[in-house]
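So you can see what is in the structure, the chains are spelled out below.
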Amino acid sequence: MAAVETIHVDGVWQAAASGAQREVLDPADAKTLAVVAEGGVEDTDAAIAAARRAFDQGPWPGTPVAERAALLRRVADLLQRDRETIALIESRDTGKTLEEGRVDVDDVTNAFRYFADLVTGESAGRVVDAGTPDVHSVVAHEPVGVCAMITPWNYPLLQASWKVAPALAAGNTFVIKPSEVTPLSTVHLVKLLAEAGLPTGVANVVTGAGDPVGARLSEHPDVDLVSFTGGLISGTKVAQAAAPTVKKVALELGGKNPNVVFADACATAEGFDTAVDQALNAAFIHSGQVCSAGARLIIEESVRERFVAELARRAEKIKLGRGTEDGVECGPLVSAQQLDKTEAYVASALAEGALLRCGGKQPEPNEVRPATGYFYLPTVLDQCHREMRVVREETFGPILTVESFQTEDEAVTLANDTEYGLAGAVWSTDTARARRVAARLRHGTVWINDYHPYLPQAEWGGFGKSGVGRELGPAGLDEYRETKHVYENLRPSPVRWFAG
Ligand code: NAD
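Remember, predicted model here, so these are calculated numbers, not experimental data.

1. A few points about the sheet that holds strand β6 (residues 135-143)
- Pairing is antiparallel across the open sheet formed by 3 strands, whose spatial order is β5-β6-β20. Whereas interior strands pair on both sides, the edge strands pair on one side only; in this sheet they are β5 (125-128) and β20 (481-489). Neighbour to neighbour, the strand axes of the sheet diverge by 20° on average, direction disregarded.
- Sheet topology places β5 next to β6; 4 bridges connect them, and they run antiparallel.

Below, the structure written as structure tokens:
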């Protein structure tokens, strides 16, 4: 087999030091889509050393902010130039539809532009009043240093860009490790960074498994920060591996997100249609493989039956198939592992007493759904309760559970009854109530009468076990900076604390 060079160290694309390779599968038919280098500890150490040199001796950390921002804007332009190519890569690698891939590229482009604008709009430092004219005191920001970035498979390019764009804007160097399941768009992004003129060694990529590559990045003493997006179990391991070196750690983990619907939101035909439509979108876009998926429908009992019947009717009509086919609305799950997990969650829910309203199995294959693909029907499980595994754990599949409530307090209690706290929504035409409930939800993002939109200028992240830190917004830039206070005494004199 010819050497595949998907590891990028110090400006050179190369094969794994061990020569190992990995097949990347197309989830629509489980056939080989690409072969990538399977990096190991040796490759990771070389990439960290390159990023270290580029930070300690290279020009990037000291490059004027305006030039750094200009580079980010060039990257944004290149992303738009390659929009169709990247959307296709992302669609085939993750299974998502081509249209979702295009939306991802546009969102990624916006993230690069946003961080370019954010850094150029800032002042160089904050002058602090020390209470005396004899002191000039300034608080300023500096890059953290060498950043390690570890990303998941559901939004590979998007999650990478939420780290890469602010890290570069702040003047850091980095090593990124994409998910071994979907590494292709990250490799493309790093090529665009080089094309945009990023100095050698600033951006390095190691394709390979979580352990050893991600584990090595997390523990390495020459890494100053590790930013991880992925599941709770891996995130906990990253935090543990990072602890002995006391590096900065940012974790974007999972969610078990409530979508709370009050009966008044369904009082008119239009309101009902909108709430059902958005509940479908909340739960089933990208086959539910979304950290903020509205996987728990929490609905007022008086409208439950009508709402769930309509939801199930529409869910049954969702067109599943290969994401690149015209007319397909939902692609396959990303892997055999995700398919197995989904089947196991549905089986456990049924054993625990859930009522299957639709789905609950793989669809019949047809011309857009190869029999070997990892397809699963959108599934609605009614009569769910808080003790069920399917309600408590993140399934990350096309499964919507239904719980119901009688009072506002009950709705809030159910919505907050999760160890996670990433996102959630409340639907009501009573503005005071909607805002009251939103204020009580212990989640990092709350939508009122909407689901899923996010803004690059607004922070994203979670309460509880959904993580530590924030991405996007000013806080998403601050993750990649150290804060330094410089206190300058303009009239030095002895303090005479000690008599002698
Ligand atoms: P995962 O935890 O299995 O893998 C994520 C990344 O961690 C991969 O690159 C993987 O190789 C790496 N990894 C695995 N073990 C590791 C270890 N011991 N040390 C270091 N790195 C390791 O997650 P996934 O299945 O790829 O993605 C799905 C998860 O990501 C879901 O839980 C989802 O909610 C979460 N997610 C969160 C957000 C967010 O913004 N909060 C966004 C997208 C996905």
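2. Observations regarding the sheet that holds strand β17 (residues 423-427)
- The strand order across the open sheet built from 7 strands is β14-β15-β16-β13-β12-β17-β18, with neighbouring strands paired in mixed fashion. The sheet is open, and its two borders are formed by β14 (355-358) and β18 (445-448), each paired with just one other strand. Shown here is a sheet whose adjacent strand axes are inclined to one another by a mean of 20°, direction ignored.
- The pairing of β14 with strand β15 (residues 379-382) spans 3 bridges and is antiparallel. Paired with Leu 355 across the strands is Asp 382, a residue of β15.
- The sheet contacts of helix α14 (residues 431-440) involve β17 and β18, and relative to β18 the element is tilted by about 170°.

3. A closer look at the layout of surface pockets
- Estimated volume of the largest pocket: approximately 1,200 Å³.
- As for the largest pocket, its lining consists of 40 residues, of which Phe 228, Gly 230, Gly 231, Leu 232 and Ser 234 are closest to the centre.
- Secondary-structure elements contributing two or more residues to the lining of the largest pocket are α7 (210-219), β10 (225-229), α8 (232-242) and α11 (336-351).
- Looking at the lining of the largest pocket, the element that brings in the most residues is α8, giving 7 residues.
- Partitioned by chemical class, the residues of the lining of the largest pocket number 15 nonpolar, 16 polar and 9 charged.
- Taken as a whole, the second largest pocket holds about 480 Å³ of empty space.
- What lines the second largest pocket is a set of 20 residues, among which Val 103, Asp 107, Tyr 155, Ile 285 and His 452 lie closest to the centre.
- Counting residues per element, the ones that place at least two in the lining of the second largest pocket are α4 (98-120) and α5 (156-170).
- Top element by residues in the lining of the second largest pocket is α4. It accounts for 5 residues.
- Residue composition of the lining of the second largest pocket, by class: 10 nonpolar, 5 polar and 5 charged.

4. Quick word on empty space enclosed by the protein
- This structure, assessed with the given rule, holds 3 cavities of 30 Å³ or more.
- Class assignment of the residues belonging to the lining of the largest cavity gives a composition of 7 nonpolar, 6 polar and 2 charged.
- Taken as a whole, the second largest cavity holds about 50 Å³ of empty space.
- In terms of lining, the second largest cavity is formed by Asp 26, Pro 27, Ala 28, Ser 91, Arg 92, Gly 95, Arg 322, Gly 323, Thr 324 and Pro 332.
- Here the lining of the second largest cavity is composed, by residue class, of 3 nonpolar, 4 polar and 3 charged.

5. Some details on the packing of aromatic side chains
- Evaluated as defined, the whole model comprises 8 aromatic pairs.
- Plain terms: the ring middles of Phe 262 and Phe 405 are 5.1 Å apart, the flat faces sit at 70° to each other, and that makes the pair edge-to-face. Of this pair, Phe 262 sits in the loop between β12 (258-261) and α9 (269-284) while Phe 405 is found in strand β16 (residues 399-405), placing the two residues 143 residues apart along the sequence.
- Take Phe 262: its relative accessible area is 1%, and that puts it in the buried class.
- For Phe 405, a relative accessible area of 1% translates into the label buried.
- Taking NZ or CZ as reference, Lys 191 lies 5.2 Å from the ring centre of Trp 13, over its face.
- One Lys or Arg, Arg 306, reaches over the ring of Phe 272 and ends 4.1 Å from the middle of that ring.

6. Considering the side chain of Asp 104
- Secondary-structure assignment places Asp 104 in helix α4.
- By relative accessible area, which is 5% here, Asp 104 ends up buried.
- Leaving out residues up to four positions away in the same chain, Asp 104 has contacts with Glu 90, Lys 96, Tyr 155 and Leu 158.

7. Regarding the nonpolar core
- In this structure, Leu 79, Phe 112 and Phe 307 are the most contacted members of the largest nonpolar core, which totals 89 residues.
- Not counting residues within four places of it along the chain, the set of residues in contact with Leu 79 comprises Ile 86, Val 105, Val 108, Thr 109, Phe 112, Leu 157, Leu 189 and Leu 192.
- Among the nonpolar cores identified, the runner-up in size contains 23 residues, and Ile 48, Phe 55, Leu 217 and Leu 253 belong to it.

8. Things to note about the site of the ligand
- Close to the ligand lie 28 residues; Thr 151, Trp 153, Glu 180, Ser 234 and Glu 394 are nearest.
- Taking Trp 153, its side chain carries an N or O atom lying 2.7 Å from an oxygen atom of the ligand.
- The side chain of Glu 252 places a nitrogen or oxygen atom 3.4 Å from a nitrogen atom of the ligand.
- In the complex, the protein chains occlude 89% of the 850 Å² of accessible area that the ligand would expose alone.
- For the ligand, the cavity whose grid points lie within 2 Å of the majority of its atoms is the largest pocket.
- Mapped by element, the contributors of at least two residues to the shell around the ligand are α7, β10 and α8.
- Of the residues that constitute the shell around the ligand, the class distribution is 12 nonpolar, 11 polar and 5 charged.

9. Re unusual backbone geometry
- A positive phi angle is found at Ala 30, which is not glycine, with a value near 65°.
- Of note, Ala 30 is situated in the loop between β3 (21-26) and β4 (31-37).

10. Quick look at the packing of α5 against helix α6 (residues 184-195)
- Packing of α5 against α6 leaves a shortest axis separation of 9 Å and a crossing angle of 30°. Here α5 is positioned roughly parallel relative to α6, judged by the angle of their axes. Seen along the crossing, α5 lies across α6 with a hand that is right-handed. Across the interface between the two elements, Pro 156, Leu 157, Ala 160, Val 164 and Leu 168 of α5 pack against Ser 185, Thr 186, Leu 189 and Leu 193 of α6.
- Across the contact of α5 with α6, the residue classes break down as 7 nonpolar, 2 polar and no charged.

Criteria and thresholds
Residues numbered from 1 in each chain as written. Predicted model: local features only at pLDDT ≥ 70, side-chain atom pairs only at ≥ 80, totals over all residues. Heavy atoms only, no water. Pairing = 2+ DSSP bridges. Helix = DSSP H or I, 4+ residues; strand = E, 2+ residues; numbered from the N terminus. Axes fitted to C-alpha atoms, helices over the stretch in contact; angles between N-to-C directions. Contact = heavy atoms within 4.5 Å. 1 Å grid on protein atoms, 1.4 Å probe; cavity = no way out; pocket = protein on both sides within 12 Å on 5 of 7 lines; lining within 4 Å. Points joined across faces, edges and corners; volume = space filled by probe spheres on them. Nonpolar A, V, L, I, M, F, W, Y, C, P; charged D, E, K, R; others polar. Phe/Tyr/Trp six-rings, centres within 6.5 Å; stacked < 30°, edge-to-face > 60°. Buried < 20%, exposed > 50% of the residue type's maximum accessible area, 1.4 Å probe, protein only. Lys NZ or Arg CZ within 6 Å of the ring centre and 35° of its normal. Core = buried A, V, L, I, M, F, W, Y, C linked by side-chain atoms within 4.5 Å. Near = heavy atom within 4 Å. Polar contact = N/O pair within 3.5 Å; in protein donor to acceptor, adjacent residues only side chain to side chain. Areas by Shrake-Rupley, 256 points an atom, 1.4 Å probe, with all protein chains shown as cover. Sits in = over half its atoms within 2 Å of the grid points. Parallel < 35°, antiparallel > 145°, perpendicular 65-115°, else oblique. Left-handed = near helix turned anticlockwise from the far one by under 90°.

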